[in-house]
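Below, each chain spelled out in residue letters.
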Amino acid sequence: MFKVQFKDVLIIFSIILLGISTSFYKGYGDDLDSHSLILSFINAYENGVYSPSRFYGSPFGEIFYGFLGYNFGSFVGSILSFCFFLISIILFFLSFTKNKINKRNIYLFILICFSNPVLYLDNTNPSDYPLTLLFFSVAIYLFRNNNQMYSILFFGLTVATKANYALFIIAFLIYEFYSQKKNLKLILIVFFYSFLIGSLFYLPIFIQSKLSLSFISNSGGPDLTLKVLTPRFFYKIYLAMGIFSSILISFIFLTNYKKLKKLILVNIDIFVLLVLNLLVFYFMPTKTSIISLVIILIYILLFKIIDKKIYIYLVIILNLSFYLISYEIFDFKYKYSGKCEPIHAIGAKLNLKLSEGYFFKRTKFMENQIECASYQFGSKSQRFINGKKIK
């Protein structure tokens, strides 16, 4: 057990204060999925008709965040997302770190995740991304601490919140069987009941659609061609990792290539999850929040490969700098110019220049997104803008 000291109380108080202030700042957030979850819940609750928030839907996310937004407003959903994100990064760190862990490293890992403005602002929205990270991290932590039966519930809720995480769960269970020599019967039980629980949330939708997949919708996105997908893929990874810190992290990995290679061989689980998440992102490079897991796992590898913590502090400083100051490499040409139309880049011209920090850009973007999303709430649009309950 860790001994609680005054500095621990101070750190915990600071985290609570940060969570509260962030939740007031975010409102319903800048993730369009946030309002889609609420609209899906309202349509099902008030009209008895289910319409997925996007693609195949997010049944548990729609119920959870839809209920909160409808009955309590944005603050409750935002503060819970903050807590979910905090818990998930701690559990991922504990689950994938085999050596003895001390408080200093846990605090430092929280700091490096919070210091990344893209990762932090993506996962403090009242959206199903932080909820999925929570369920997945809890499931892995329980599984690796000999609570496999309890992990079933959280693997199931992971699938019920984001179906694409089923791929990660399958990969994790296969790894545990082959690499960690887990009992095959146990693996099959966890697999079967996890997917049974997850599937139950999609069953009513399936029945409503007369046993067809007609409920699956696609709201659009980039064309599925290498020419279109590849530039978006690399640019958004560079952005999500931090426009300053991504350079340093790449340098650290390249200069420690042999050590990194050995590290990957003994951390195949991290490598496989990284590759799979990147593969998913390659075919839908729409939101940086999709690769939140990638960023967290890269930070875990960073902690494993670095002996001198000075480099961790440098990454944190560069991350924090990104909040306040930025630079642009390209001037993008967009397909649409309307305030509330989709953001779809169709071209880019090289133009290196300094610009305002990511926090300021994101704040303007968030205010615009909230206003545009509010139009779909009709007479209750002002309640959405003000973060009030929609009911």
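Look above for the structure.
Scope of this entry: the structure provided in the associated data block. (Residues numbered from 1 in each chain as written. Predicted model: local features only at pLDDT ≥ 70, side-chain atom pairs only at ≥ 80, totals over all residues. Heavy atoms only, no water.)

## Here we look at the overall build of the protein chain
Secondary structure summary: the protein chain contains 18 helices and 2 strands in total. For 391 residues, the compact-globule estimate of 2.2 N^0.38 gives 21 Å, and the protein chain sits close to it at 21 Å. Residue burial in the protein chain is summarised as follows: out of 391 residues, 51% are buried. Taking the intrachain contacts of the protein chain between residues at least 6 apart in sequence as the baseline, contacts between residues at least 24 apart amount to 75%. Computed over 38 positive and 18 negative side-chain charges, the inter-centroid distance for the protein chain is 8 Å. (Helix = DSSP H or I, 4+ residues; strand = E, 2+ residues; numbered from the N terminus. Rg over C-alpha atoms; globule rule 2.2 N^0.38 Å. Buried < 20%, exposed > 50% of the residue type's maximum accessible area, 1.4 Å probe, protein only. Contact = heavy atoms within 4.5 Å. Lys, Arg positive; Asp, Glu negative; His and termini not counted. Charge placed at Lys NZ, Arg CZ, Asp CG, Glu CD.)

## Let's talk about the nonpolar core
Grouped together as the largest cluster of nonpolar side chains are 85 residues, with contacts concentrated most on F109, I112, F136, F155, Y299 and L302. Ranked by residues supplied to this core, first place goes to helix α15 (residues 292–305) with 12 residues. Excluding its chain neighbours within four sequence positions, the residues that come into contact with F155 are F136, A139, I140, F143, I169, F172, L173, V190 and S194. Counting 13 residues, the second-largest nonpolar core is a separate cluster that includes L37, L68, L134 and V138. (Core = buried A, V, L, I, M, F, W, Y, C linked by side-chain atoms within 4.5 Å.)

## Here's the deal with the environment of L229
Summarising the element assignment, L229 is placed in helix α11 (residues 226–241). Note: C-alpha distance between L229 and Q369 (140 residues apart in sequence) is 24 Å.

## A few points about the packing of aromatic side chains
In total, this model carries 45 aromatic pairs according to the counting rule given. Members of the aromatic cluster, each reached through a chain of ring pairs, are F60, F64, Y65, F84, F135, F154 and F201. (Phe/Tyr/Trp six-rings, centres within 6.5 Å; stacked < 30°, edge-to-face > 60°.)

## Things to note about the state of the cysteines
Simply put, disulfide is the name for a covalent bond between the sulfur atoms of two cysteines. Across all of its chains, the model carries 1 disulfide by this definition. We note that C83 lacks a disulfide partner, and the nearest cysteine sulfur, in C113, lies 16 Å from it. On the basis of relative accessibility, which here comes to 31%, the residue C83 falls in the partly exposed class. (Disulfide = S-S within 2.5 Å.)

## Points about the side chain of D128
Along the chain, the position of D128 falls in helix α7 (residues 128–144). A polar contact of 3.3 Å, which involves the side chain of D128, links it to the side chain of S127. Not counting chain neighbours up to four residues away, the residues in contact with D128 comprise D33, L37, R54, S58, G61, Y65, T161 and K162. (Polar contact = N/O pair within 3.5 Å; in protein donor to acceptor, adjacent residues only side chain to side chain.)

## Overview of α11
With 16 residues, α11 extends 22 Å between its outermost C-alpha atoms, agreeing within 8% with the 22 Å of an ideal straight helix rising 1.5 Å per residue. The set of residues buried in α11 consists of V228, L229, R232, F233, Y238, L239, A240 and M241. (Expected span 1.5 Å × (residues − 1).)

## Re the pattern of salt bridges
Under the definition given, this model contains 14 salt bridges. A salt bridge links K182 to E176, with the shortest nitrogen-to-oxygen separation between them at 3.4 Å. Residue K182 is classed as partly exposed on the basis of its relative accessible area, which comes to 22%. Looking at E176, the relative accessible area reads 1%, which means it is buried. (Salt bridge = Lys/Arg side-chain N within 4 Å of Asp/Glu carboxyl O.)

## What about the environment of K361?
Within the secondary structure layout, K361 lies in helix α17 (residues 358–374). With 98 residues separating them along the chain, K361 and L263 place their C-alpha atoms 37 Å apart. The contacts of K361, once residues within four sequence positions are left out, are S326, E328, S355 and E356.

## Regarding a positive patch on the surface
On the surface, R383, K388, K389 and K391 cluster together into a patch of positive charge. When you line up the elements, K391 lands in the segment after α18 (381–385). (Patch = residues over 30% accessible without salt bridge, like charges linked within 9 Å, V, L, I, M, F, W, Y side chains within 5 Å. Areas by Shrake-Rupley, 256 points an atom, 1.4 Å probe, with all protein chains shown as cover.)

## Re a nonpolar patch on the surface
A grouping of I170, I174, Y178, F191, F192, Y193, L196, L200, L203 and I207 is seen on the molecular surface, where their side chains present a nonpolar patch of about 970 Å² in accessible area. Those elements giving two or more residues to the nonpolar patch turn out to be α9 (166–178) and α10 (184–208). It is α10 that contributes the most residues to the nonpolar patch, 7 residues altogether. Its location among the elements puts F191 in helix α10.

## Looking at the packing of helix α13 (residues 257–266) against α15
Interhelical geometry of α13 versus α15 gives an angle of 115 degrees and a closest axis separation of 10 Å. Once α13 is placed against α15, the crossing between them reads as right-handed. Note on element contacts: α15 touches α13 through L301, K304 and I305, opposite K259, L260 and L263. For the contact of α13 with α15, a count of residues per class yields 4 nonpolar, no polar and 2 charged. (Axes fitted to C-alpha atoms, helices over the stretch in contact; angles between N-to-C directions. Left-handed = near helix turned anticlockwise from the far one by under 90°. Nonpolar A, V, L, I, M, F, W, Y, C, P; charged D, E, K, R; others polar.)

## Some details on helix α2 (residues 32–47)
In this model, α2 (16 residues) spans 22 Å end to end at C-alpha, consistent with the 22 Å of a helix rising 1.5 Å per residue. Here α2 has its buried residues at D33, S34, H35, S36, L37, I38, S40, F41 and I42. Structurally, α2 contributes buried residues whose contacts are with α3 (59–71), α7, α17 and α18. Where α2 starts, the residue carrying a side-chain oxygen 2.9 Å from the main-chain nitrogen of D33 turns out to be D31.

## What to know about the packing of α3 against helix α4 (residues 74–96)
Close contact between α3 and α4 brings their axes to 8 Å; oriented N to C, the two are set at 140 degrees. With respect to their mutual orientation, α3 and α4 come out oblique. Listed contacts from α4 to F64, Y65 and L68 of α3 are V76, G77, L80, S81 and F84. (Parallel < 35°, antiparallel > 145°, perpendicular 65-115°, else oblique.)

## Considerations on unusual backbone geometry
In this structure, N146 is a non-glycine residue whose phi angle is positive, near 60 degrees. Assignment of secondary structure puts N146 in the loop between α7 and α8 (148–161). On the basis of relative accessibility, which here comes to 64%, the residue N146 falls in the exposed class.

## Quick look at the side chain of E62
Note on placement: E62 falls in helix α3. Within the structure, E62 has its side chain in polar contact with the side chain of S53 (distance 2.7 Å). Contacts of E62, omitting those with residues within four sequence positions, involve L37, S40, F41, Y50, P52, S53, G57 and F67.

That's the geometry; what it means functionally is another story.
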